[in-house]
Amino acid sequence: MASNPASLAEQGKQAFANKRFDEAADLFRQAAEGFTLGRNGLLAAEMKNNLSVALLQAGKPQESLDAALGTDLIFEGAKDITKQGMALGNQAAALEALHRYDEAIAAYERSAELFAQAGEGDLRAMVMKSAAAIKLKTGRITESAFKMMGSLDAK
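Note that the structure is a prediction, hence the values are computed from the model and not measured. (Residues numbered from 1 in each chain as written. Predicted model: local features only at pLDDT ≥ 70, side-chain atom pairs only at ≥ 80, totals over all residues. Heavy atoms only, no water.)

(A) Quick look at helix α2 (residues 21–37). Spanning 17 residues, α2 covers 24 Å between terminal C-alpha atoms, matching the ideal 24 Å at 1.5 Å per step. When we look at burial in α2, the residues that qualify are Phe 21, Ala 24, Ala 25, Leu 27, Phe 28, Ala 31, Ala 32 and Phe 35. Viewed along the axis of α2, the buried residues span an arc of 165°, placing them on a single side of the element. Buried positions along α2 lie against α1 (5–17) and α3 (41–57). The positive-phi residue at the C-terminal boundary of α2 is Arg 39, with phi of around 60°. (Helix = DSSP H or I, 4+ residues; strand = E, 2+ residues; numbered from the N terminus. Expected span 1.5 Å × (residues − 1). Buried < 20%, exposed > 50% of the residue type's maximum accessible area, 1.4 Å probe, protein only. Arc of directions from axis to C-beta. Contact = heavy atoms within 4.5 Å.)

In C-alpha cells form, the structure reads like this:
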C-alpha cells in the first residue's frame, strides 16, 4: 500500500466517492499527517478539511469539528480566501450537527463574506442557505427571510 501523502489523499477521495466515509477519514488523517511531516502545511490543512467532511458524513460531528478547527487560519495566512471560506463552512456544518447553532450561524456568515470577496457566488449562496435554514429551524423567521433573500441576490 502506498504511504506517500498524495497517494493516500487520492485513495481517500476514492473511498469518499464510494461512500466509505470511515475509510476515507482514516486515509485523509494519514495524508494530513504525512503532509505535516513533509512541512506542507497547506496540503495538510486541505486533508484535514477532507477529513472533517468525511467524519461528518460518518456521523462523527465532534471529530469533524476538531479536524477542521484552525485550518481557516492556515489558509488565511496563505491568502487563499476561497479555502479559508470552505474551512469555515466545514466548521459551521460540524457546529450545526452538534446543535451549536449560534456558533454555526456565525461561521456560515463569515464563510459567506469570504466567498463574496473571492467572487464565489454559488458557494456564498450555499452557506447563506445553510445559515438561513438554521434560523428557520430555531424560530428566527424574520432574520432568516432577509438572509434567504440575500442568498438569492448572491446568485
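(B) Here's a closer look at the packing of helix α6 (residues 81–97) against helix α7 (residues 101–118). One can describe the packing of α6 onto α7 by two numbers: an axis separation of 8 Å at closest approach and a directional angle of 160°. By the angle class used here, α6 and α7 are roughly antiparallel. Classified by chirality, the crossing of α7 by α6 is left-handed. Of the residues in α7, those touching α6 at Ile 81, Thr 82, Gln 84, Gly 85, Met 86, Leu 88, Gly 89, Ala 92, Ala 93, Leu 95 and Glu 96 are Tyr 101, Glu 103, Ala 104, Ala 107, Tyr 108, Arg 110, Ser 111, Leu 114, Phe 115, Gln 117 and Ala 118. By residue class, the composition of the contact of α6 with α7 is 13 nonpolar, six polar and three charged. (Axes fitted to C-alpha atoms, helices over the stretch in contact; angles between N-to-C directions. Parallel < 35°, antiparallel > 145°, perpendicular 65-115°, else oblique. Left-handed = near helix turned anticlockwise from the far one by under 90°. Nonpolar A, V, L, I, M, F, W, Y, C, P; charged D, E, K, R; others polar.)

(C) Geometry of the pattern of salt bridges. All told, the structure shown has nine salt bridges when counted by the stated rule. The residue Glu 46 makes a salt bridge to Lys 83 at a minimum N-O spacing of 2.9 Å. Pair noted here: Glu 46 is in helix α3 and Lys 83 is in helix α6, with a separation of 37 residues, a long-range link. On the accessibility criterion, Lys 83 (29% relative accessible area) is partly exposed. The closest approach of N and O atoms between Glu 109 and Lys 135, which form a salt bridge, is 2.7 Å. Here the residue Glu 109 occupies a position in helix α7, and Lys 135 occupies one in helix α8 (residues 121–137), the gap between them amounting to 26 residues. According to the relative accessible area criterion, Glu 109 is partly exposed, its value standing at 23%. For Lys 135, a relative accessible area of 0% translates into the label buried. (Salt bridge = Lys/Arg side-chain N within 4 Å of Asp/Glu carboxyl O.)

(D) Inspection of the packing of aromatic side chains at higher detail. One pass over the structure, following the stated rule, counts one aromatic pair. Judged by centre distance (5.1 Å) and plane angle (65°), the ring pair of Phe 16 and Phe 21 falls under edge-to-face. (Phe/Tyr/Trp six-rings, centres within 6.5 Å; stacked < 30°, edge-to-face > 60°.)

(E) Structural context of unusual backbone geometry. A positive phi angle, close to 60°, is found at Lys 19, a residue other than glycine. Looking at where Lys 19 falls in the secondary structure, it is placed in the loop between α1 and α2. Given the relative accessible area of 65%, Lys 19 is considered exposed. Positive phi is not limited to glycine here, since Arg 39 has a value of about 60°. Topologically, Arg 39 is positioned in the loop between α2 and α3.

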